[in-house]
Amino acid sequence: MVVWRIGHLRRAKVERRTLETHIEVEVELDGSGKCEVETGFLFLDHMLKTLAFHGSLDLNVKVIEGDLEHHVAEDIGLALGEALTKALGGKEGINRFGWALIPMDEALALASIDLSGRPSPHIDLNLKSDYVEDMKAEDLEHFLKSMTASAQMAMHIKVLSGDNDHHKVEAAFKALALALKQAVATSRSGIPSVKGSI
């Protein structure tokens, strides 16, 4: 793991290597939406590009090795969450909270997060099918839960309506992107907690 701090630049690189996977993730919180991803899932690549673009994150994700699809999805989420945590440092000055309600054609999704230091995932993508494009629906949800765990955040995502599963997930990732952008933005001084620590 490497963390750079140059002025206000908040960036981290995480390498996750297990007996099952080898994954590298690099994130810059104050980016411009640039994204390079090679996950092995075309749909997850699309969602990560969506997250980076709408969240104004610079994001690189590379799966060097992986055995089962479930393990790859899980470990990408864990590595991404860890990179976000490392890039946030002590969380001084961040908004901490973020939320968004986003449509994608007929679909409507709500995302609300708290960078509280306490992992608490609540994910309801309201999917009808076992697969969304080339990815298992349960692995998409597991990716989000894994990201929540290692980012140590509370994440509430709920797809409120929609008919097309692709649109539902894309609305959810766009909502998450805007919520994350709001939460990591700096607009105050000190730690955003009455306890003085998060």
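Residues numbered from 1 in each chain as written. Predicted model: local features only at pLDDT ≥ 70, side-chain atom pairs only at ≥ 80, totals over all residues. Heavy atoms only, no water.

The number of helices and strands found in the protein chain is 4 helices and 11 strands. Here the C-alpha atoms of the protein chain give a radius of gyration of 16 Å, agreeing with the 16 Å that 2.2 N^0.38 yields for 198 residues. Projected onto its principal axes, the C-alpha coordinates of the protein chain cover approximately 45 × 35 × 30 Å. Within the protein chain, residue pairs in contact and separated by at least 24 positions form 74% of the contacts whose partners lie at least 6 positions apart. As displayed, the protein chain offers around 9,100 Å² of accessible surface, 50% of which is attributable to carbon and sulfur atoms. Averaged over its 22 positive side-chain charges, the protein chain has a centre that lies 9 Å from the centre of its 30 negative ones. (Helix = DSSP H or I, 4+ residues; strand = E, 2+ residues; numbered from the N terminus. Rg over C-alpha atoms; globule rule 2.2 N^0.38 Å. Contact = heavy atoms within 4.5 Å. Areas by Shrake-Rupley, 256 points an atom, 1.4 Å probe, with all protein chains shown as cover. Lys, Arg positive; Asp, Glu negative; His and termini not counted. Charge placed at Lys NZ, Arg CZ, Asp CG, Glu CD.)

Residues Leu-101, Leu-110 and Leu-160 make up a contiguous nonpolar surface patch of about 250 Å² in total accessible area. On the secondary structure map, Leu-110 appears in strand S7 (residues 107-114). (Patch = residues over 30% accessible without salt bridge, like charges linked within 9 Å, V, L, I, M, F, W, Y side chains within 5 Å. Salt bridge = Lys/Arg side-chain N within 4 Å of Asp/Glu carboxyl O.)

Here we take up unusual backbone geometry. Of note in this structure, Lys-91 is not a glycine but carries a positive phi near 65°. Looking at where Lys-91 falls in the secondary structure, it is placed in the loop between helix H2 (69-88) and strand S6 (97-104). Judged by its relative accessible area of 7%, Lys-91 falls in the buried class. A positive phi angle, close to 55°, is found at Asn-126, a residue other than glycine. You can call Asn-126 partly exposed: its relative accessible area is 36%. (Buried < 20%, exposed > 50% of the residue type's maximum accessible area, 1.4 Å probe, protein only.)

Note that every value here comes from positions in space, so none of it alone points to a role or purpose.
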